[in-house]
Amino acid sequence: MESYKGKVAPDWCPGCGNFAQLRAISAALAELNIEPENAVITSGIGCSSNMPEFINAYGYHGLHGRLVPVAAGIKWANPDLTVIGYGGDGDGYFEGTQHLYHFAKRNVDITYMVSDNQVFGLTTGQASPTTPIGRKTKNTPDGNIEPPFNPLQYVLTAGASFVARGFSGDIKTLTEITKEAIKHKGFSFIDVLSPCPTYNKFNGYDFYRKTFYRLENNNKEDFYEAYKHASEWGDQPHSIPTGIFYEVNKTRYEDADEVLSKGSLKKTAPYKLTEDDLTEFY
Amino acid sequence: MDDVIVRIGGAAGDGVQSAGLILTKTFSRNGLYVSTYNYYQSLIRGGQGWYQIRTSEEVVKNQGSGLDVLIALNEDALNRHTDENINEGGASPLSGIAIFDGVMITNYNKNSNVKYCPVPLRDIALKYDKNPLLKNTVALGATIASLGVGFNAFANVIREVFGKKGKIAELNVNAAKEGYDYFMDNYSVYKKVKTIKRKMYASTGGDAVGFGGINAGMQMYFAYPMTPASSVMQFFSTHAKKYNIFVKVTEDEISAINAAIGANYAGVRTMTGSSGGGFALMTEGVGLSAMTEVPLVVYEAQRPGPSTGLPTKTEQGDLNQVIGAGQGDFPRIVLAPGNITDAFNLTKEAFNLAYKYQLPVFIMSDLYLAEHVETLLNIDLDYIMDNGLMAKDNEENYKRYEFTDSGISKRAVPGQKGLMHNEDSDEHDEYGNVVSDQVTDPKIRMLSVEKRMRKIEDYIKNMPPTRTYKIEEADYLVVQWGSTRGAVEEVIDKLRGEDIKIGAVEIDHIFPLNPDIKNYLKNKKRIIVVENNYSGQLNKLLKSEFLINTDFIGKYDGEAFYPDELKNSIEGKINEKYEKIKIRGE
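Residues numbered from 1 in each chain as written. Chains lettered and ligands numbered in written order. Predicted model: local features only at pLDDT ≥ 70, side-chain atom pairs only at ≥ 80, totals over all residues. Heavy atoms only, no water.

A. Highlighting the overall build of chain A. Scanning chain A from terminus to terminus reveals nine helices and 10 strands. In terms of overall size, chain A behaves like a compact globule, its C-alpha atoms giving a radius of gyration of 20 Å where 282 residues would be expected to give roughly 19 Å. With the principal axes as the frame, chain A shows a C-alpha extent of 70 × 45 × 40 Å. When each of the 282 residues of chain A is scored for burial, the buried share is 62%. Total accessible area computed for chain A in this model is approximately 11200 Å², and 51% of it derives from carbon and sulfur atoms. (Helix = DSSP H or I, 4+ residues; strand = E, 2+ residues; numbered from the N terminus. Rg over C-alpha atoms; globule rule 2.2 N^0.38 Å. Buried < 20%, exposed > 50% of the residue type's maximum accessible area, 1.4 Å probe, protein only. Areas by Shrake-Rupley, 256 points an atom, 1.4 Å probe, with all protein chains shown as cover.)

What follows is the structure, encoded as structure tokens:
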């Protein structure tokens, strides 16, 4: 795990849920014996998206909401790489929704982890797509009136083949989930309950420690069971499930595509055009 | 031999374009130069469209003014193209023969410049098949006869086009032969076209960009459909298997450009493309490529805007958009092929430039360039893929964004050992680490900006000299960019023939402008900038760069320039009273 430690120290606030995710990703890569040069972390924009600097791997810190297409482009170019997308809920569930939906549907073989803290942190505390109704934030002084986005149901509906939720206060399980997600052949999605001690005083470690539970003995191949679990949410003990909700074998885009299925384009020399090919012309 | 211009007019769904392409192929396969023009609307059935083919033993550089043979597939087409006051964006009315179905079309406007040659197209076609499009083949047979071309030359092309369907091919050949014979029996050859035994290749601009990409080692193409950029996507889709190209239509253009950046970052040459509207969505990605210094080639095919504009028409209205796309101050290279051969060559150049300088490079096309067919003048398939400076595995103290004299630093791609680093859309230092998160370092910010900008200075020093045309002792100078080149050259030929000393500067490396252009602007009676737009976007760029006075000729009706109309406009400018032209430094 040490080998994954980046040269730059994380600049997150003390108590930020992102630290746990950094540890889980580093530990998962290390335990799976993936060499740092074969791992790529792509991220969007937001507090969480600064992660690539803090990890010793190839990092690509791109645009707000766009980390998934970048990750897919990398994976399609070089399937030998382990590609992990990492960003926040503002990033992935607002601007990134169409990419999330379509790349999940395509079942591209990448892992996408979202640090879901229900708030825009880096822009100092506006309501995000997962902010609960009634929550007062900087831009909802009278309380948020927009229903929250349900990422797990959305991604399930899209057709993702691996759907999970972790909690930053349960690093052990989060690491296990991340390992399974990386190993999974297809689009793996992990929403992480991630406390923001600065801008979300409501859903912190205490709240989730009280309310979260680990899914056990759930039928991971049952879409409707997964969908039902994804609708669970509340402020009572045992009301917010974590763990792997759904995991099925499904054809990856790369396996179905005639060109990509022939092998890594990175390792394949480009086609050499000859005079004969010009007969395609008029 | 003079050139011959044939036009096929009909409704959408009548097979106008297919017929045009068969005729184009017939000329091309028989050693003739071609240049075509596709006039159509954004609909699948109905309306009125046409396809024009100009052919000659000599190079033809544009669709041409004049019209020798009209194939009218309906009454409206016959009346439209024989009308002296034709309103088709500069296209000439017919002064030649009209081939049409004399049984179906009986009530039409007669024009004394036209020799009417009715042929019972439908009746002949019905003898062979019920397919209504077969009458087009009959008409083509008659047309071939009117040009004095041997039937076999045409039959071979029909077999090539319908080759996979042997029976259908023979059916078409027989129907065409009857059209051919009917014409020979009833009329005489109108204008003799001499075929030549030599190998010619003609292509659309879209296909030329596609072939250029493959020749440049491109392996992936990401895009979202939008006319007129889609022809490139279609080319790659059609040939994906043969050339091992991965083509993906993504959920939007934003995804396309970001996926293309990811793929280039990972070390596989990848292109994205769109028309102006779709490219507008890609804007943020342009800056991402520039900031992270990931090579990127973007194909931008213009159509008239703003907004949805005219989806099936042409214009050069996106120059400002392409040179201005993306927030911030950063380097980019914009290429603008002037003809189809150039579209092939500049696509190849675009990839090596993008990889050498690690920045976004644009290939600007337009609907006219993308969709018309033109003979390729010379094709050199030799190509050395130059991926620029690359770091070696385990290089010590590797700095992805090292501040070098040229501004170019060594790239490393994922999978390379010991070169792990961060590439960041935030401003960063030589290692790729963000400079603004904890303590912003103003000095590093300046050095990083300067480093990126030095790359473009290096490019300017190494750019090829600006193209010129008949510039010797020119009193008058035309400056053009992109697809207007063919029309401009023809006008210059004609005016030179009238002893007017005029030449052209042809800008195909349009941004940044080559400083050598200044040398051609001196001591001119007039500098006339020609563009397919209203406001003169290159004109303004030239003025700001070289502080010159210019005249401007713009066309913005959705059609390309025709040589005769352009000649009139240029003569108009030459004959106007002029003010002295000033050049910076004088």
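Still more to cover.
B. Looking closely at the overall build of chain B. Secondary structure assignment for chain B yields 18 helices and 21 strands. Its C-alpha radius of gyration of 26 Å places chain B within 12% of the 25 Å reference for a compact globule of 586 residues. Considered along the principal axes of its C-alpha atoms, chain B spans approximately 85 × 60 × 40 Å. Counting over 586 residues, chain B shows a buried share of 63%. Pairs at least 24 residues apart make up 76% of the contacts formed inside chain B by residues separated by at least 6 positions. (Contact = heavy atoms within 4.5 Å.)

C. How the structure looks around the sheet that holds strand β13 (residues 360-366) of chain B. Residues and elements named next belong to chain B. The sheet built from seven strands is open, its strands ordered β9-β8-β10-β11-β13-β12-β19 with mixed pairing. Looking at the sheet topology across the chains shown, the edges are occupied by β9 (246-249) and β19 (509-511). Each neighbouring strand pair of the sheet contributes to a mean axis angle of 25°, computed without reference to strand direction. Pairing of strand β10 (residues 270-275) with strand β11 (residues 296-302), which is carried by five bridges, proceeds in the parallel orientation. Looking across to β11, one finds that G273 is bridged to Y299. Taken strand by strand, helix α10 (residues 276-292) contacts β10, β11 and β13, and its axis lies near 145° from that of β10. (Pairing = 2+ DSSP bridges. Axes fitted to C-alpha atoms, helices over the stretch in contact; angles between N-to-C directions.)

D. Molecular detail of unusual backbone geometry. With an omega dihedral of 0°, the bond running from G305(B) to P306(B) counts as a cis peptide bond. One can find P306(B) in the loop between β11 and α11 (319-324). In this model, F511(B) is joined to P512(B) through a cis peptide bond whose omega is -5°. With respect to the helices, strands and loops of the structure, P512(B) is situated in the loop between β19 and α16 (517-520). The phi dihedral of N107(A) falls on the positive side, at around 60°, and the residue is not glycine. Tracing the backbone shows N107(A) in the loop between α4 (97-106) and β4 (111-116). Positive phi, normally seen in glycine, also occurs at N244(B), with a value near 55°.

E. A look at the nonpolar core. In this structure, F187(A), F189(A), I507(B), L538(B) and L542(B) are the most contacted members of the largest nonpolar core, which totals 92 residues. Among all residues touching F187(A), those that are not within four sequence positions of it are V68(A), L100(A), F103(A), A104(A), N107(A), V108(A), D109(A), I110(A), Y112(A), A160(A), S161(A) and F162(A). (Core = buried A, V, L, I, M, F, W, Y, C linked by side-chain atoms within 4.5 Å.)

F. Here's a closer look at the packing of aromatic side chains. Evaluated as defined, the whole model comprises 42 aromatic pairs over all chains. With centroids separated by 5.0 Å and ring planes inclined at 55°, the aromatic side chains of Y60(A) and Y265(B) adopt a geometry described as tilted. Taken as a pair, Y60(A) in strand β2 (residues 58-61) and Y265(B) in helix α9 (residues 253-265) lie in two separate chains rather than in one. Exposure remark for Y60(A): the relative accessible area of 1% places this residue in the buried category. An angle of 85° between the planes, with centres 5.6 Å apart, marks the rings of F279(B) and F362(B) as edge-to-face. Taken together, the positions of F279(B) in helix α10 and F362(B) in strand β13 put the pair 83 residues apart, joining distant regions of the chain. Residue F279(B) is classed as buried on the basis of its relative accessible area of 0%. Taken together, Y271(A), F281(A), F211(B), Y221(B), F235(B), F236(B) and Y243(B) form an aromatic cluster joined through their ring pairs. (Phe/Tyr/Trp six-rings, centres within 6.5 Å; stacked < 30°, edge-to-face > 60°.)

G. Spotlight on the domain arrangement of chain B. All names here are of chain B. By the assigned domains, chain B splits into domain 1 (4-186), domain 2 (202-375), domain 3 (389-462) and domain 4 (467-575). Between domain 1 and domain 4, the C-alpha centre-to-centre distance is 34 Å. Of the residues lining the interface, 13 residues belong to domain 1; the matching set on domain 4 comes to 15 residues. For the pair domain 1 and domain 4, the two sides together bury roughly 1000 Å², of which 42% comes from carbon and sulfur. Sorting the residues of domain 1 by area buried against domain 4 places K61, S65 and G89 first, and these three jointly supply 43% of that buried surface. In this structure, the connection of domain 1 to domain 4 is made through two salt bridges. Between E490 and R54 there is a salt bridge whose closest N-O contact spans 2.9 Å. Taken together, domain 1 and domain 4 are joined by 10 residue pairs in polar contact (both at pLDDT 80 or more). When contributions to the side of domain 1 that touches domain 4 are tallied by element, the ones reaching two or more residues are β2 (33-39) and β3 (46-56). (Domains from an automatic or database assignment. Buried area = accessible area lost by both parts, 1.4 Å probe. Salt bridge = Lys/Arg side-chain N within 4 Å of Asp/Glu carboxyl O. Polar contact = N/O pair within 3.5 Å; in protein donor to acceptor, adjacent residues only side chain to side chain.)

H. Up close: the pattern of salt bridges. As enumerated under the stated definition, the model contains 45 salt bridges over all chains in all. Taking the shortest distance from any N to any O, the salt bridge between R66(A) and E95(A) comes out at 3.6 Å. Here R66(A) is found in the loop between β2 and α2 (67-77), whereas its partner E95(A) is found in helix α3 (residues 89-95), with 29 residues between them in sequence. Sharing partners across several salt bridges, the network here consists of D3(B), R54(B), E490(B), K494(B) and D564(B).

I. Examining the interface of chain B and chain A more closely. Between chain B and chain A, the residue contacts involve 70 residues of the former and 54 residues of the latter. Across the interface of chain B and chain A, roughly 5400 Å² is buried in total on both sides, 61% from carbon and sulfur atoms. The largest share of the area that chain B buries against chain A comes from F246(B), E251(B) and M420(B), three residues that together contribute 12% of it. Summed over the shared surface of chain B and chain A, the result is four salt bridges. When the shortest N-O distance is used, the salt bridge between E251(B) and R106(A) registers 2.8 Å. Class assignment of the residues belonging to the side of chain B that touches chain A gives a composition of 34 nonpolar, 22 polar and 14 charged. In terms of strand pairing, β2(A) meets strand β15 (residues 422-424) of chain B through three bridges, oriented parallel. Following the sheet pairing, H61(A) is matched in β15(B) by D424(B). (Nonpolar A, V, L, I, M, F, W, Y, C, P; charged D, E, K, R; others polar.)

J. Representation of the side chain of S146(B). Residues and elements named next belong to chain B. Structurally, S146 is set in helix α4 (residues 134-146). A distance of 2.6 Å separates the side chain of S146 from the backbone oxygen of T143, its partner in a polar contact. Among all residues touching S146, those that are not within four sequence positions of it are V69, I97, I99, F183, V189, Y190 and K191.

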